[in-house]
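# Structure assessment
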Amino acid sequence: MTYLAKPKLLRADAPRNTLGYTRRDYEGAISTLCAGCGHDSISAAVVQACFDLDIEPHKVAKLSGIGCSSKTPDYFLGASHGFNTTHGRMPSVLTGAALANRDLTYLGVSGDGDSASIGIGQFAHAMRRGVNMTYIVENNGVYGLTKGQFSATADKGSKNKRGVVNNDTPIDLVALALQLGASYVARSFSGDKEQLIPLIKGALRHRGPAFIDVISPCVTFNNHAGSTKSYDYVREHNEAVNRLDFILPRDQINTAYPPGSLRRVVQHDGSILHLRKLATDYDPSDRVGAMNHLQERHALGEIVTGLLYVDSSAEELHRYLNTVEKPLNQLRDAYLCPGSKALEALNASLR
Ligand SMILES: Cc1ncc(C[n+]2csc(CCOP(=O)(O)OP(=O)(O)O)c2C)c(N)n1
Ligand code: SF4
Ligand SMILES: [Mg+2]
């Protein structure tokens, strides 16, 4: 059975957001993933982020590819638009949907196999074109759904469950996203909801391509000694560059932080990212600096997490293409077919 509906039992005193919704209104079907799978924690973080942001579930479109990770949109936002596409093709289907209806919030969920192997071209072009989306990769270093083969993000020298060593150089999707022009780039760990939830909130409110690589251990095929994507390994090697608070425009701005340790980033919609610096001299507005920091720390065996780069004044695909403001399904006949005079004028302008 691949779909299990959740029973609709609700505590009378369940907290509600300003829309009157409870967290249950942001959940989906019961997860069929293995108990302890990191992907379930990411789903819980998405639910919490959307609840906190007062997002209307029907104003979200969640799209995915194929894999255990790509199954997860079934487990959150049950009242949202959803499209489980084909392996590695989520970005192009999402791009088409986003161009047709710019009024929805687009959330793409993918796996390391889905995005770093078969879908790497699609991932690259979504980032470089500036598709306005939150792109989450649930990265476990293996093809979980097809029983634990190394994926392209598996570290060189790491071992699979049977002790076989991976000899291939890994692809770092964060480094690629930075290089390709993503305007919000972060890495987190499924077991760190304090870091992950504000990162997802910031991404959902960001205008432009927002990419989050979430290390998400596969308890069945990649959680042993010798794996660099296991719970123990990531906890021991995690190096956060900043601590993030996400503040909606309506909230009171907390000014109690010590001067010098806080960076305030205002996004297009007025939401504010408060970045408390942990690593010395880390500047999240410096793309080249972020790339260097990532490489330097990687060489030391550290997994850098946090908001690595943000450009709060970035633009996105609709602006580049100068598309019409309205969703295409709201355009009426008179607009779509303005008559022969308008056509003549258009033709004349092109001569
Ligand atoms: C065109 C195509 N090729 C191969 C497959 C087989 N397949 C299904 S899921 C998957 C890999 C999934 O890995 P990942 O994206 O990392 O997701 P995970 O299960 O680890 O979360 C593969 C190779 C497929 N479904 N379609
Ligand atoms: S096989 Fe791995 S990735 Fe798939 S559900 Fe189980 S623990 Fe999660
Ligand atoms: Mg995987």
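The structure reproduced in this document is the subject of the present report. Given the structure is predicted, the values throughout are model-derived calculations rather than measurements. (Residues numbered from 1 in each chain as written. Chains lettered and ligands numbered in written order. Predicted model: local features only at pLDDT ≥ 70, side-chain atom pairs only at ≥ 80, totals over all residues.)

## Some details on the overall build of the chain
A count of helical and extended segments in the chain gives 12 helices and 13 strands. Projecting the C-alpha coordinates of the chain onto the three principal axes gives extents of approximately 70 × 55 × 50 Å. Every one of the 351 residues in the chain was classed for burial, and the buried ones make up 44%. Counting contacts in the chain only where the partners sit at least 6 residues apart, residues at least 24 apart contribute 72% of the total. (Helix = DSSP H or I, 4+ residues; strand = E, 2+ residues; numbered from the N terminus. Buried ≥ 20, exposed ≤ 12 C-beta atoms within 10 Å, placed from the backbone. Contact = placed C-beta atoms within 7 Å.)

## Some remarks on the site of ligand 1
Close to ligand 1 lie 18 residues, the nearest being Gly-67, Ser-69, Gly-111, Gly-113 and Gly-144. For the shell around ligand 1, the secondary structure elements donating two or more residues are helix H2 (68-71), helix H4 (112-118) and strand E5 (142-143). Of the residues contributing to the shell around ligand 1, the split by class is 6 nonpolar, 9 polar and 3 charged. (Near = placed C-beta within 6 Å. Nonpolar A, V, L, I, M, F, W, Y, C, P; charged D, E, K, R; others polar.)

## Quick look at the pairing of strand E12 (residues 272-277)
Two elements, strand E10 (residues 242-247) and E12, share 6 bridges in a ladder whose sense is antiparallel. Each residue of the ladder has a partner; that of Asn-242, found in E12, is Lys-277. As paired elements, strand E11 (residues 262-266) and E12 share 5 bridges and run antiparallel to each other. Looking at the pairing, Leu-262 lines up with Arg-276 of E12. Count of turn residues in the E11/E12 antiparallel hairpin: 5 residues, of which Gly-270 carries a positive phi of about 90°. (Pairing = 2+ DSSP bridges.)

## Regarding the sheet that holds strand E8 (residues 209-215)
Ordered in space as E2-E1-E3-E4-E8-E7-E13-E9, the 8 strands form an open sheet in which the pairing is mixed. Two strands in the sheet have a free side with no partner beyond their single neighbour: strand E2 (81-84) and strand E9 (238-240). Between one strand and the next, the sheet's axes are offset by a mean angle of 20°, whatever the strand orientation. Two strands pair when backbone bridges link them, and strand E1 (residues 60-64) and strand E3 (residues 105-111) are joined in this way by 5 bridges, in the parallel orientation. Of the residues in E3, the one forming a bridge with Val-60 is Thr-105. (Axes fitted to C-alpha atoms, helices over the stretch in contact; angles between N-to-C directions.)

## Here's the deal with helix H3 (residues 90-100)
Among the residues making up H3, those that are buried are Met-90, Pro-91, Leu-94, Thr-95 and Ala-98. Viewed along the axis of H3, the buried residues span an arc of 130°, placing them on a single side of the element. Among the exposed residues of H3, those oriented more than 90 degrees off its buried face are Gly-96 and Ala-100. Buried residues belonging to H3 abut E1, E3, helix H5 (120-129) and strand E4 (133-139). (Arc of directions from axis to C-beta.)

## Examining the packing of H3 against H5
Between H3 and H5, whose axes approach to 8 Å, the crossing angle comes to 35°. Across the interface between the two elements, Pro-91, Ser-92 and Thr-95 from H3 touch Gln-122, Phe-123, His-125 and Ala-126 from H5. In terms of residue class, the contact of H3 with H5 is made up of 3 nonpolar, 4 polar and no charged.

## Things to note about H5
Inspection of H5 places Gln-122, Phe-123, Ala-126 and Met-127 among the buried residues, and these make up the whole buried set. Buried residues of H5, seen end-on, are gathered within an arc of 130° and therefore sit on one face of the element. Residues of H5 that are buried sit in contact with H3, H4, E4, helix H6 (173-180) and E8. One or two positions beyond H5, positive phi appears at Gly-130, with a value near 80°.

## Some words on the nonpolar core
If you look at soluble globular proteins, the nonpolar side chains tend to sit buried side by side. Formed by 67 residues in total, the largest nonpolar core has its most connected members in Val-185, Ile-200, Phe-211, Ile-212 and Leu-308. Not counting chain neighbours up to four residues away, the residues in contact with Ile-200 comprise Ala-45, Val-46, Ala-49 and Ile-212. One finds Cys-37, Tyr-143, Phe-150 and Ala-154 within the second-largest nonpolar core, a separate group that totals 9 residues. (Core = buried A, V, L, I, M, F, W, Y, C linked by C-beta atoms within 7 Å.)

## Focus on unusual backbone geometry
For Asp-54, which is not glycine, the phi dihedral falls at a positive 55°. Considering the arrangement of structural elements, one finds Asp-54 in the loop between helix H1 (38-52) and E1. Residue classification places Asp-54 among the partly exposed residues on the basis of 13 C-beta atoms within 10 Å. Its identity is not glycine, yet Leu-77 carries a phi of approximately 50°, on the positive side.

## Notes on the environment of Asp-213
Mapped onto the secondary structure, Asp-213 falls in strand E8. Spatially, the C-alpha atom of Asp-213 lies 23 Å from that of Thr-280, the residues being 67 residues apart in sequence.

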